[in-house]
Amino acid sequence: MPISVADPRHAHWLAEAVSDAVANVAAGGGPFAALVVQGEQVLGRGVNRVTADNDPTAHAEVVAIRDACRRLGDFRLDGCVLVSSCEPCPMCLGAALWAHLDRIVYAADRHDAAASGFDDRAFYRLFDTPREQWPVPVERVVVGDATAPFHAWRADPSRIDY
């Protein structure tokens with residue numbers, strides 16, 4: 001179902017991200033691309049580089065966020081919009097939230113991705129399942145002073161909060 005975009009510029013940037021994704025497939029990459037935009041300016045650009053870099057975290061959104069942060073010299077992207085050719089997976093959504101982006105807009109959704117074998121829906125469903133039922137155990141193991149790094153962090157007057 002089509003969703004209207006409040007800012008008409010987003011449609012332009014979405015079309016560009018979709019075009020970048022198609023070009024990435026032609027270059028042997030995955031069918032995903034993303035931009036980090038501030039006003040009229042593209043601050044970061046990324047395409048899926050998972051297989052090119054042998055890096056499961058090299059999703060288009062993460063690559064674009066890294067590019068924008070490098071260019072700005074800041075880890076926060078306040079005032080920016082993440083524009084993605086497809087709905088961000090949970091990892092990319094987490095990265096976008098940590099980057100403090102103002103908005104996220106995307107073209108295709110998780111169901112479109114699943115139709116081509118990229119089933120991010122499985123991760124979204126997993127997060128709604130109790131951890132005891134996950135196929136990969138995720139468990140806390142208490143060792144020594146596990147909170148020592150946080151004590152050190154709070155005590156460091158030169159820390160940069162994020």
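Rules used in this analysis
What you see as residue numbers is a count from 1 along each chain, following the sequence as written. At least 70 in pLDDT is required for a residue's local features to be given in this predicted model, at least 80 for side-chain atom pairs to be given and counted, and no such filter applies to totals for whole chains, interfaces and linings, which use all residues. The basis for every side-chain value is the complete set of non-hydrogen atoms in the structure, without hydrogens or water. UniProt positions are given in the numbering used here, feature names are shortened, and annotations may be inferred rather than shown by experiment. Burial here depends on accessible area, computed with a 1.4 Å probe over protein chains only, as a share of the maximum for the residue type. Under 20% is buried, over 50% is exposed, and the range in between is partly exposed. Helix numbering and strand numbering both begin at the N terminus, where a helix is a DSSP run of H or I of at least 4 residues and a strand a DSSP run of E of at least 2. For two strands to pair, DSSP has to find at least two bridges joining them. Two aromatic rings from Phe, Tyr or Trp, using only the six-membered ring of Trp, form a pair when their centres are within 6.5 Å; if the ring planes differ by under 30 degrees the pair is stacked, by over 60 it is edge-to-face, and anything between is tilted. Charge over a ring is defined by NZ of Lys or CZ of Arg lying within 6 Å of the ring centre and within 35 degrees of the ring normal. The term nonpolar core refers to a set of buried residues drawn from Ala, Val, Leu, Ile, Met, Phe, Trp, Tyr and Cys, joined through side-chain atoms within 4.5 Å. When checking whether two residues touch, look at their non-hydrogen atoms; a contact exists if any pair is within 4.5 Å.

An unreviewed UniProt entry lists the chain under the name Nucleoside deaminase, from Natronosporangium hydrolyticum. What UniProt states about the chain under its Sequence similarities (unreviewed entry) heading is, verbatim, "Belongs to the cytidine and deoxycytidylate deaminase family."

Novice: What is the right way to look at the pairing of strand 1 (residues 33-38) in this model?
Specialist: Along any regular strand, the residues point their side chains to alternate faces of the sheet. Most of strand 1 sits inside the fold, with five of its six residues counted as buried. Sheet topology note: the strand 1/strand 2 (residues 41-47) ladder contains six bridges and is antiparallel. In the sheet register, Ala34 faces strand 2, and the bridge partner there is Gly46. Here strand 1 folds back onto strand 2, and the loop between the two strands holds two residues, one of which, Gly39, carries a positive phi near 60 degrees. The sheet contact formed by strand 1 and strand 3 (residues 81-86) spans four bridges and is antiparallel. Bridge assignment links Val36 to a residue of strand 3, and that residue is Leu82.

Novice: Would you explain the packing of aromatic side chains in this entry?
Specialist: How two aromatic rings sit relative to each other is set out by the distance from centre to centre and by the angle between their planes. On inspection of all chains with the given rule, the structure shows five aromatic pairs. Ring pairs connect the aromatic residues Phe75, Trp98, Trp153 and Tyr162, which therefore count as one cluster. A cation over an aromatic ring shows up here: Arg110 above the ring of Tyr124, its NZ or CZ 3.7 Å from the ring centre.

Novice: What should I look at first to understand the nonpolar core in this one?
Specialist: It is characteristic of soluble globular proteins that their nonpolar side chains tend to be buried jointly. If you look at the biggest cluster of nonpolar residues, it comprises 17 residues, and the most contacted ones within it are Val36, Ile65, Leu77, Cys80, Leu82 and Leu101. Sorting the residues of this core by element identifies strand 1, helix 3 (60-72) and strand 3 as the ones contributing at least two each. Ranked by the residues each element gives to this core, the list is headed by helix 3, at five residues. Among all residues touching Cys80, those that are not within four sequence positions of it are Val36, Val37, Gln38, Leu43, Leu101, Asp102 and Arg103. Core analysis: the second largest hydrophobic core is formed by nine residues, Val37, Val42, Val81 and Val105 among them.

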